[in-house]
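# Working through the structure, step by step
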Amino acid sequence: PTTPLCEKIKCKSGVPEGLDNSSCIDKTAGEWCLVECLVGFNDGSAIFECQKDALFHGVAPDCVKLQCDLAELMGVPGLNTSACDETYAGDGCELTCQDGYIGDVVSMECG
């Protein structure tokens, strides 16, 4: 008699898009992986399990984009940061001089 070829079930979908799911590559049924928020977002993470239906199961972490941190610029005399007040990680804005000051406009990208 011929022996059947049995392979472990590999999960190919079920992890949320737009998150770091690199640890979920090549997982098989019964294995776990960590899904994390991307750089520029809070430090959220969640565990997903590869199950027998070839899908990952879990609840996505709540990822919130981080607001641009301007604290280190607040003490610079004459600097106008108002164009950057409502910016978030990955956004760009322009730093200018306040009235009574002169200087070049500087483009900044929030990290």
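Residues numbered from 1 in each chain as written. Predicted model: local features only at pLDDT ≥ 70, side-chain atom pairs only at ≥ 80, totals over all residues. Heavy atoms only, no water.

### With respect to the overall build of the protein chain
Filter applied, for reference: Runs of E in the DSSP output that reach at least two residues are strands. Runs of H or I that reach at least four are helices, and both are numbered from the N terminus. Both definitions apply: the radius of gyration is a C-alpha atom measure, and the globule rule equals 2.2 Å times residues to the power 0.38. It only takes one pair of heavy atoms within 4.5 Å for two residues to be counted as in contact. Areas reported as accessible are Shrake-Rupley estimates using a 1.4 Å probe. Residue values count occlusion only from the protein chains shown. Positive: Lys, Arg. Negative: Asp, Glu. His and the chain ends are not part of the count. To locate a charge, take NZ of a lysine, CZ of an arginine, CG of an aspartate or CD of a glutamate.
Looking only at helices and strands, one finds 0 helices and 6 strands in the protein chain. When the helices and strands of the protein chain are placed in sequence order, the string is β-β-β-β-β-β. Taken against the 2.2 N^0.38 rule, which gives 13 Å for 111 residues, the C-alpha radius of gyration of the protein chain at 23 Å runs more than 25% over that of a compact globule. Summarising its shape, the C-alpha atoms of the protein chain cover approximately 90 × 20 × 15 Å along the three principal directions. Here the contacts in the protein chain between residues at least 6 apart in sequence split such that 24% fall between residues at least 24 apart. In the structure as shown, the protein chain presents an accessible area of about 7900 Å², 53% of it carried by carbon and sulfur atoms. Of the side chains in the protein chain, 6 bear a positive and 19 a negative charge, and the two mean positions are spaced by 23 Å.

### Quick look at the nonpolar core
To be explicit about the condition: Here, the term nonpolar core denotes a set of buried Ala, Val, Leu, Ile, Met, Phe, Trp, Tyr and Cys residues that are joined through side-chain atoms within 4.5 Å. Under the scheme applied here, a residue whose accessible area is under 20% of the maximum for its type counts as buried, over 50% as exposed, and between as partly exposed, the area being computed with a 1.4 Å probe on protein chains only.
Counting 10 residues, the largest nonpolar core is built from C11, V15, L19, C24, C33, V35, A46, F48, C50 and F56. Secondary-structure elements contributing two or more residues to this core are strand 1 (32-36) and strand 2 (45-50). Among all residues touching A46, those that are not within four sequence positions of it are C33, L34, V35, V59, A60 and P61. Core analysis: the next-biggest nonpolar cluster, separate from the first, contains 9 residues, C68, L70, C84 and C110 among them.

### Some remarks on a nonpolar patch on the surface
For clarity, the threshold we go by: To count toward a patch, a residue needs a relative accessible area above 30% and no salt bridge. Like charges then connect within 9 Å, nonpolar side chains (Val, Leu, Ile, Met, Phe, Trp, Tyr) within 5 Å. Each reported salt bridge corresponds to a side-chain nitrogen of Lys or Arg within 4 Å of a carboxyl oxygen of Asp or Glu.
Together, W32, L34 and I47 make up a nonpolar patch on the protein surface, roughly 310 Å² of accessible area in all. Take I47: it is sitting in strand 2. A residue is classified by how much of its surface remains accessible, and I47, at 51% relative accessible area, is exposed.

### Brief notes about the side chain of T87
Keep this limit in mind: Under this definition, polar contacts are N or O atom pairs within 3.5 Å; protein pairs additionally need one hydrogen-donor-capable and one acceptor-capable atom, and for neighbouring residues in sequence, both atoms have to be side-chain atoms.
Within the secondary structure, T87 sits in the loop between strand 4 (79-80) and strand 5 (92-97). Assessed through its relative accessible area of 7%, T87 is described here as buried. From its side chain, T87 meets the backbone oxygen of C84 in a polar contact 2.7 Å long. The residues contacting T87, other than those within four sequence positions of it, are Q67, C68, G92, C93 and C110.

### What about the sheet that holds strand 4?
The criterion, for reference: A pair of strands counts as paired when DSSP detects no fewer than two bridges linking them.
Pairing is antiparallel in the open sheet, where 3 strands are placed in the order 4-5-6. Each end of this open sheet is capped by a strand with a single partner; those strands are strand 4 and strand 6 (106-109). Bridge count between strand 5 and strand 6: 4 bridges; the pairing is antiparallel. Within the sheet, the bridge partner assigned to L95 lies in strand 6 and is V106.

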